[in-house]
Amino acid sequence: STSVVVQLVRWSPSRWEVGDKYDMVVTSTQTLSEIRNELQQLTGIEKDRIRLGKSSYWAGTPRNQLEALRWEHVAPNWTSAACADESALTALCLRDSDVYYYKDADEVVMLLSDEETLAAQAEAKDFALVRKAQTTSSYSSSSKEKGLKIKKSS
């Protein structure tokens, strides 16, 4: 593939909010250094503080599970001078339609009240139901079903 589109979603742990969303096209010719600079321009976060966490699901990740993402997914590769000129697609194993949350590494996680914790748990259950509904199919095919015959009238 010569390019992929990844979705970037802002995670603000100090406010417990999911925010701005961007689609970012990454080509096979772009280096990690170029991607870092583009991310800084796009997000407004200094490039050495940007952290990305890959969601396992295209529909996203519940807020109470975001801090459990592997936030160092990209950052270690960025610090190595040897990787700076490597293709970002290859180095980061990016695939079309991947969803990445981004955050400022210096941002502190908000402590939730009991009520907020319950709301976050309910949100996680809703996400699980949506994922389950998307992976199960209600279509049932009879083994006798072969196709549709159409009689043409003259």
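It should be noted that the structure appears before, not after, this text.
Residues numbered from 1 in each chain as written. Predicted model: local features only at pLDDT ≥ 70, side-chain atom pairs only at ≥ 80, totals over all residues. Heavy atoms only, no water.

**Student:** Go over the overall build of the chain, please, and point to the residues and values.
**Tutor:** The number of helices and strands found in the chain is five helices and four strands. Listed by position from the N terminus, the elements making up the chain come as β-β-α-β-α-α-α-β-α. When burial is assessed residue by residue, the chain has 34% of its 154 residues classed as buried. Of the contacts made within the chain by residues no fewer than 6 positions apart, 68% connect residues no fewer than 24 positions apart. Of the roughly 10200 Å² of accessible surface on the chain, 51% is carried by carbon and sulfur atoms. (Helix = DSSP H or I, 4+ residues; strand = E, 2+ residues; numbered from the N terminus. Buried < 20%, exposed > 50% of the residue type's maximum accessible area, 1.4 Å probe, protein only. Contact = heavy atoms within 4.5 Å. Areas by Shrake-Rupley, 256 points an atom, 1.4 Å probe, with all protein chains shown as cover.)

**Student:** Break down the sheet that holds strand E1 (residues 3-12) for me, with residues and values.
**Tutor:** Ordered by their spatial adjacency, four strands build an open sheet running E2-E1-E4-E3, and the pairing between neighbours is mixed. Two strands close off the open sheet at either side, each with one partner strand: strand E2 (17-27) and strand E3 (50-54). Neighbour-to-neighbour, the strand axes of this sheet turn through a mean angle of 30°, independent of strand direction. As paired strands, E1 and E2 are joined by nine bridges and run antiparallel to one another. Residue pairing across strands places Ser-12 opposite Glu-17, the latter belonging to E2. (Pairing = 2+ DSSP bridges. Axes fitted to C-alpha atoms, helices over the stretch in contact; angles between N-to-C directions.)

**Student:** Any chance you could break down helix H1 (residues 32-43) for me, citing the residues and the numbers?
**Tutor:** Counted at 1.5 Å a residue, the expected span for H1 with its 12 residues is 16 Å, and the 16 Å between its end C-alpha atoms agrees. Taken together, the buried positions of H1 are Leu-32, Ile-35, Arg-36, Leu-39 and Thr-43. One side of H1 holds all its buried residues, which, seen down the axis, span an arc of 100°. Of the residues flanking the end of H1, it is Gly-44, one or two places downstream, whose phi is positive at about 80°. (Expected span 1.5 Å × (residues − 1). Arc of directions from axis to C-beta.)

**Student:** Let's hear about the packing of aromatic side chains: which residues, and what values?
**Tutor:** The tally for this structure, following the rule as stated, stands at two aromatic pairs. Measuring from centroid to centroid gives 5.2 Å for Trp-11 and Trp-16, while their planes differ by 70°, and the two rings are edge-to-face. This pair shows no difference in class: Trp-11 is buried, exactly as Trp-16 is. Centroid distance Tyr-22 to Tyr-102: 6.3 Å. Interplanar angle 35°. Geometry classified as tilted. With a gap of 80 residues between them, Tyr-22 in strand E2 and Tyr-102 in strand E4 (residues 99-104) connect regions that are remote in the sequence. (Phe/Tyr/Trp six-rings, centres within 6.5 Å; stacked < 30°, edge-to-face > 60°.)

**Student:** Explain unusual backbone geometry to me, using residue names and the numbers behind them.
**Tutor:** One non-glycine residue, Trp-16, lies in the positive phi region at around 60°. The residue Trp-16 is located in the loop between E1 and E2 in this model. The buried category is assigned to Trp-16, whose relative accessible area is 11%. In this structure, Ser-97 is a non-glycine residue whose phi angle is positive, near 75°.

**Student:** Can you explain the pattern of salt bridges? Please cite residues and give values.
**Tutor:** Two side chains with opposite charge may pair up if their charged atoms get near one another. This model, assessed by the stated rule, comprises seven salt bridges. Residue Asp-104 pairs with Arg-49 through a salt bridge whose shortest N-O separation is 2.8 Å. Of this pair, Asp-104 sits in strand E4 while Arg-49 is found in the loop between H1 and E3, placing the two residues 55 residues apart along the sequence. Residue Arg-49 is classed as partly exposed on the basis of its relative accessible area of 28%. When the shortest N-O distance is used, the salt bridge between Lys-54 and Asp-98 registers 3.6 Å. Of the two residues, Lys-54 is situated in strand E3 and Asp-98 in the loop between helix H4 (88-92) and E4; the sequence distance between them amounts to 44 residues. Note on Lys-54: relative accessible area 26%, which makes it partly exposed. (Salt bridge = Lys/Arg side-chain N within 4 Å of Asp/Glu carboxyl O.)

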